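# Chain and residue survey
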Amino acid sequence: QVQLVESGGGLVQAGGSLSLSCAAASGGTFSTFPMGWFRQAPGKEREFVAAIFWTGTGTDYVDSVKGRFAISKDNTNNILYLEMNSLKPEDPAVYYCARQTGLFGSTWHRRRDIQIYVDWGQGTQVTVSS
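Quick look at the structure, then. Source: prediction; values computed, not measured.

Each value, and the rule that gives it
Residues numbered from 1 in each chain as written. Predicted model: local features only at pLDDT ≥ 70, side-chain atom pairs only at ≥ 80, totals over all residues. Heavy atoms only, no water. Helix = DSSP H or I, 4+ residues; strand = E, 2+ residues; numbered from the N terminus. Rg over C-alpha atoms; globule rule 2.2 N^0.38 Å. Buried < 20%, exposed > 50% of the residue type's maximum accessible area, 1.4 Å probe, protein only. Contact = heavy atoms within 4.5 Å. Areas by Shrake-Rupley, 256 points an atom, 1.4 Å probe, with all protein chains shown as cover. Salt bridge = Lys/Arg side-chain N within 4 Å of Asp/Glu carboxyl O.

## Examining the overall build of the chain
When its secondary structure is counted, the chain shows zero helices and 11 strands. Listing every helix and strand of the chain by position from the N terminus yields β-β-β-β-β-β-β-β-β-β-β. Against the globule reference of 14 Å for 130 residues, the chain gives a C-alpha radius of gyration of 14 Å, in line with a compact fold. A principal-axis box enclosing the C-alpha atoms of the chain has dimensions of 40 × 30 × 30 Å. Here the chain holds 130 residues, and the buried ones make up 43% of them. Across the chain, the fraction of contacts at a sequence separation of at least 24, relative to all contacts at a separation of at least 6, is 58%. Counting only carbon and sulfur atoms, one obtains 48% of the accessible surface of the chain, whose full area is about 6200 Å².

## Examining the pattern of salt bridges
Applying the stated rule across the entire model yields eight salt bridges. For Arg111, the salt bridge is made with Asp60, and the minimal N-O distance between the two is 3.1 Å. On the criterion of sequence distance, the pair formed by Arg111 in the loop between β9 (93-100) and β10 (117-118) and Asp60 in strand β6 (residues 59-61) is long-range, its members being 51 residues apart. Using a relative accessible area of 24% as the deciding quantity, one classes Arg111 as partly exposed. A residue is classified by how much of its surface remains accessible, and Asp60, at 11% relative accessible area, is buried. Salt bridges sharing common partners tie together Arg39, Glu47, Arg68 and Asp91.

Limitation: the analysis is restricted to geometry and does not speak to function.
Here it is in structure tokens:
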């Protein structure tokens, strides 16, 4: 188990940018695991946003954020990032980071499946004004 803590959420105007961070607490590491970002709006299902391969060299994004969001991973300091640009009215939600249960690439083929993610953070709220 790795304790994950998200930060960086807040209020931003439509078209603006925001950067989220997800850090491993208490000496935990996720350098050998793929990681993901999900989001959940009120009354909605938690949905996949982005995933990154354990090395940080491969990524996957839901179509609605491609070209606008960028996921990255610092394996030295065990920090996961999500840079969000050109924010739209459909982007506001609580954003969560999580670790894939499969070591290295063993669950990468299921990277859009919420069922293979564990160690969910507490979430950070992103609000977009228009």
